[in-house]
Amino acid sequence: MKKITAVLLVLLLAASFTAVSCKGSGGTLIGIAMPETHVMRWVKDGNSLKTEAEAKGYRAEVQYGNANQADQNTQIQSFLTQGAKALIVGCINDGVASVIAEAGRGNVAVIAYDRIIPNSADYNYYITFNNFKVGVLQAESIVAGLNLGAATAAAPKNITLFAGSPTDGNAFFFFDGAMSILNPYIDRGVLRVVGPYPRTSADRDNFQRIATENWQAPVAKTRMENLLSNDARDVVLDAVLAPNDTLARAIIEALKSDARYRGNLPVISGQDAEYDSAVSIKNGEQYSTVFKDTALLARAAILLADQILNNQPINIPGAVLATGDLAEIGNTGRKYVQAYLLDPILVTRGNLNVPVDAGFYEQHQATNLRN
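A short note on the packing of helix α3 (residues 69–81) against helix α4 (residues 97–105)
A pair of packed helices can be characterised by two numbers: the angle between their axes and the separation between those axes. Two elements in contact, α3 and α4, have axes separated by 9 Å at closest approach and are oriented at 10 degrees. With respect to their mutual orientation, α3 and α4 come out roughly parallel. Counting all contacts with α3, which are made through Asn73, Ile76, Gln77 and Leu80, the residues of α4 involved are Ser98, Val99, Glu102 and Ala103. Here the contact of α3 with α4 is composed, by residue class, of 4 nonpolar, 3 polar and 1 charged.

Encoded structure:
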């Protein structure tokens, strides 16, 4: 009897230790794969996603792919080996499809985060901003900054075009949104394109000529320097369509090296409301940015993961399911996934308080922008 009691006691202690160990693990693992760190918004996104997941009782791990898809694939495979039940993936390119297929075979929920996972039929969800509208807002800021409504064909304004990485599906939506606004002014002759002019991203040869591989600032700076020495040698640029803030600042750096633009910069767009660009806007250099409140996107992504994992109806406050023409945002090239869209906001010097008031910056940064 004493032996039986002793055995039962050992079993109970073992069960108790196991229960404590499981509880200490932090619960179900959500693997968060972000593409890189050289664009600061991805670092912020990774931190926000981890915080939101842990607030809901999940265990979360973040890895950054350093703009190398092979590295990111290894990181995602590590999440799967650790038993992750959900993956949130900001991919680098379509080379991620093989590990997404592996996740699909294991019934792991996959959410494409702010970038479509192309050439894959092995996942069902995508959460992002209305990226066509991002481009629309960028172009509208150029229209306003140049007062194109009053421009004439006798004295056209000059613009040059930059696009994002050709491996990032969002780059095509940004560009097409912008050109939907700019093309009518080009057609009227009041806006003249200096350098390559793809009317839409469907002109892949010319789009490739204005694209910026992996969103690398040095690539954009070198191209701007080459433009200033060649196509834009004999004209003064009035505007530059820049697809994000990192590239906008690189373009500004190149322009400042040309005497024609010192103290007289073109109207330059951007995206992501990065702090350095907010300072540039405050100082009258970069003209605009597009604020995508990635804290809200991260919260929405984790809520989506939570609802999927708990077999609940999908209901994301502040997001709409892409339908109609916008449904194309969810086209992976292999299937249409459910794409949930949040709204971006145009920010210029006149409403720089919007990202500040949203708590997008650190306290000392917010104080500097307010002063």
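Observations concerning the packing of aromatic side chains
Counting across every chain of the model gives 7 aromatic pairs. Consider the rings of tryptophan 42 and tyrosine 113, whose centres lie 6.5 Å apart with planes at 65 degrees: the pair is edge-to-face. Note that tryptophan 42 is positioned in helix α2 (residues 40–55) and tyrosine 113 in strand β4 (residues 109–113), a separation of 71 residues in sequence. A relative accessible area of 3% means that tryptophan 42 is categorised as buried. Looking at tyrosine 113, the relative accessible area reads 0%, which means it is buried. Ring centres of phenylalanine 360 and tyrosine 361 lie 5.3 Å apart, and the angle between their planes is 75 degrees; this geometry places the pair in the edge-to-face category. For phenylalanine 360, a relative accessible area of 7% puts it in the buried group. By way of ring pairs, the aromatic residues Tyr275, Phe291, Phe360 and Tyr361 are connected into one cluster. When the ring centre of phenylalanine 172 is taken as reference, the NZ or CZ atom of arginine 204 above it lies at 4.3 Å. Between arginine 223 and the ring centre of phenylalanine 162, over which it is positioned, the NZ or CZ distance is 4.3 Å.

What to know about the sheet that holds strand β6 (residues 157–161)
Taking strand neighbours across the sheet as the criterion, the 4 strands line up as β7-β6-β8-β9 in an open arrangement whose pairing is parallel. The open sheet has two edge strands with one neighbour each: β7 (191–193) and β9 (267–268). Alignment of β6 against strand β8 (residues 239–241), held across 3 bridges, turns out to be parallel. Within the sheet, the bridge partner assigned to threonine 160 lies in β8 and is valine 240. Those strands touched by helix α6 (residues 169–188) are β6, β7 and β8, and its axis lies near 120 degrees from that of β7.

Focus on the sheet that holds strand β12 (residues 338–342)
Strand order across the open sheet formed by 7 strands is β2-β1-β3-β4-β5-β12-β11, with mixed pairing between neighbours. At either end of the open sheet lies a strand with only one pairing partner, and these are β2 (59–64) and β11 (320–321). Sheet topology places strand β3 (residues 86–89) next to β4; 4 bridges connect them, and they run parallel. Bridged to valine 89 within β4 is alanine 112.

What to know about the pattern of salt bridges
The final tally for this structure, using the stated rule, is 15 salt bridges. With its nearest N and O atoms 2.5 Å apart, the salt bridge here joins lysine 50 to glutamate 54. Separated by 4 residues within a single helix, lysine 50 and glutamate 54 lie in helix α2, roughly one turn from each other. Since its relative accessible area comes to 39%, glutamate 54 is described here as partly exposed. Between glutamate 253 and lysine 221 there is a salt bridge whose closest N-O contact spans 2.9 Å. Taken as a pair, glutamate 253 in helix α9 (residues 245–256) and lysine 221 in helix α8 (residues 217–229) lie far apart in primary sequence, 32 residues in all. In this structure lysine 221 comes out as partly exposed when scored by relative accessible area, which is 24%. Bridged by salt links that share partners, the residues Arg41, Asp45, Asp114 and Lys292 form one connected network.

Reading the values: rules and limits
- Residues numbered from 1 in each chain as written.
- Predicted model: local features only at pLDDT ≥ 70, side-chain atom pairs only at ≥ 80, totals over all residues.
- Heavy atoms only, no water.
- Axes fitted to C-alpha atoms, helices over the stretch in contact; angles between N-to-C directions.
- Helix = DSSP H or I, 4+ residues; strand = E, 2+ residues; numbered from the N terminus.
- Parallel < 35°, antiparallel > 145°, perpendicular 65-115°, else oblique.
- Contact = heavy atoms within 4.5 Å.
- Nonpolar A, V, L, I, M, F, W, Y, C, P; charged D, E, K, R; others polar.
- Phe/Tyr/Trp six-rings, centres within 6.5 Å; stacked < 30°, edge-to-face > 60°.
- Buried < 20%, exposed > 50% of the residue type's maximum accessible area, 1.4 Å probe, protein only.
- Lys NZ or Arg CZ within 6 Å of the ring centre and 35° of its normal.
- Pairing = 2+ DSSP bridges.
- Salt bridge = Lys/Arg side-chain N within 4 Å of Asp/Glu carboxyl O.

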